[in-house]
Amino acid sequence: QVQLVESGGGLVQAGGSLRLSCSASGNIFSFNVMAWYRQAPGKQRELVAYKTSGGSTNYADSAKGRFTISRDTAKNTVHLQMNSLKPEDTAVYYCNAYGRATLGSSAMDYWGKGTLVTVSS
């Protein structure tokens, strides 16, 4: 069973920085994609950034130029460096991995429980 555990959330003032980390454990064959999503109060969950096993990255427009996703494929970890934070970045941030637990299993999404980021003005 795959488990994703996030860390690094907290309270920060506008303009500050936070670094989120996500560590995957359990039966992991491979993750094609590791990503960060967020969900603000009263809003739908949205993609923040993802990085493929091949190294390709993609960012939401709101994250471009401020957030950087990094990934250690061998360690099955993913990080999100968030700079120049704004109050509108306040949300629960979720780690996501898409891949296979075993060679013979189907690829599927795995989710962490989330870590709260609060940006004060």
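What this report covers is the structure whose coordinates are included nearby. Sequence positions are assigned chain by chain, starting from 1 and proceeding in written order. With the structure being a predicted model, the display of local features is reserved for residues of pLDDT at least 70 and the display and counting of side-chain atom pairs for 80 or more, all residues being used for whole-chain, interface and lining totals. As a convention, hydrogens and water are excluded, and side-chain values are obtained from all of the structure's heavy atoms.

### Here's the deal with the state of the cysteines
So, point 1. Only a pair of cysteine sulfur atoms within 2.5 Å counts as a disulfide in this structure description. Counted according to the given criterion, the structure contains one disulfide.
So, point 2. The residue that forms a disulfide with Cys 22 is Cys 95, at a sulfur-sulfur distance of 2.0 Å. Taking the sign of the torsion about the S-S bond as the criterion, the disulfide between Cys 22 and Cys 95, at about -80 degrees, is left-handed. Here Cys 22 is found in strand β3 (residues 18–25), whereas its partner Cys 95 is found in strand β9 (residues 91–100), with 73 residues between them in sequence. Side by side, Cys 22 and Cys 95 carry an identical accessibility label, which is buried. Counting from the N terminus, the helices are DSSP H or I runs at least four residues long and the strands are E runs at least two residues long. When a residue's accessible area, from a 1.4 Å probe over protein chains only, is under 20% of the maximum for its type it is buried; when over 50% it is exposed; and in between it is partly exposed.

### Re the nonpolar core
So, point 1. Take the buried Ala, Val, Leu, Ile, Met, Phe, Trp, Tyr and Cys residues and link them wherever side-chain atoms come within 4.5 Å; each set so joined is a nonpolar core. By size, the foremost hydrophobic cluster in this structure holds 29 residues, and its most contacted members are Leu 4, Trp 36, Val 48, Phe 67, Leu 80, Met 82 and Tyr 93.
So, point 2. Residues contacting Val 48, with those up to four places away along its chain left out, are Trp 36, Tyr 37, Arg 38, Asn 58, Tyr 59, Ala 60, Ala 63, Phe 67, Leu 80 and Tyr 93. Only heavy atoms matter for contacts: two residues are in contact if any of them lie within 4.5 Å across the pair.

### Re the packing of aromatic side chains
So, point 1. Side-chain rings of Phe, Tyr and Trp (the six-membered ring for Trp) are treated as a pair once their centres are within 6.5 Å; stacked means planes under 30 degrees apart, edge-to-face means over 60, and tilted covers the remaining angles. Taken as a whole and judged by the stated rule, the model has two aromatic pairs.
So, point 2. Plain terms: the ring middles of Phe 31 and Tyr 110 are 6.1 Å apart, the flat faces sit at 55 degrees to each other, and that makes the pair tilted. With Phe 31 in strand β4 (residues 30–39) and Tyr 110 in strand β10 (residues 108–111), this pair connects stretches of sequence that are 79 residues apart.
So, point 3. Between the aromatic rings of Tyr 37 and Trp 111, the centroid separation amounts to 4.9 Å while the plane-to-plane angle is 65 degrees, which identifies the pairing as edge-to-face. Here Tyr 37, found in strand β4, pairs with Trp 111, found in strand β10; they are 74 residues apart in sequence, far enough to count as distant.
So, point 4. It is Arg 45 that lies over the ring of Tyr 94; its NZ or CZ is 3.7 Å from the centre.
So, point 5. A cation over an aromatic ring shows up here: Arg 45 above the ring of Trp 111, its NZ or CZ 4.7 Å from the ring centre. We count a charge as sitting over a ring when the NZ of a lysine or the CZ of an arginine lies within 6 Å of the ring centre and within 35 degrees of the ring normal.

### Structural notes on the side chain of Thr 115
So, point 1. Structurally, Thr 115 is set in strand β11 (residues 115–120).
So, point 2. The class of Thr 115 is buried, set by a relative accessible area of 12%.
So, point 3. Within the structure, the side chain of Thr 115 is placed 3.2 Å from the backbone nitrogen of Gly 9, a separation counted as a polar contact.
So, point 4. Residues contacting Thr 115, with those up to four places away along its chain left out, are Glu 6, Ser 7, Gly 8, Gly 9, Leu 20, Ala 91, Val 92 and Tyr 93. Polar contacts here mean pairs of N or O atoms no more than 3.5 Å apart (in protein, one a potential hydrogen donor and the other a potential acceptor; neighbouring residues in sequence count only if both atoms are side-chain atoms).

### Points about the pairing of β11
So, point 1. The side-chain alternation of β11 yields one buried face, formed by Thr 115, Val 117 and Val 119, and one unburied face, formed by Leu 116, Thr 118 and Ser 120.
So, point 2. Strands pair, by our definition, only if DSSP identifies at least two bridges between them. In this sheet, β11 lies alongside strand β2 (residues 10–13) in parallel orientation, the contact comprising four bridges. Its bridge partner lying in β11, Val 12 is registered against Val 119.
So, point 3. By the bridge criterion, three bridges tie β9 to β11 in an arrangement that is antiparallel. Within β11, the position partnered with Tyr 93 by the bridge is Thr 115.

### Concerning unusual backbone geometry
So, point 1. Phi at Asn 76 takes a positive value of approximately 55 degrees, unusual for a residue other than glycine.
So, point 2. Mapped onto the fold, Asn 76 is located in the loop between β7 (67–72) and β8 (77–82).
So, point 3. Phi at Ser 84 is positive, roughly 50 degrees, even though this residue is not glycine.
So, point 4. On the accessibility criterion, Ser 84 (40% relative accessible area) is partly exposed.

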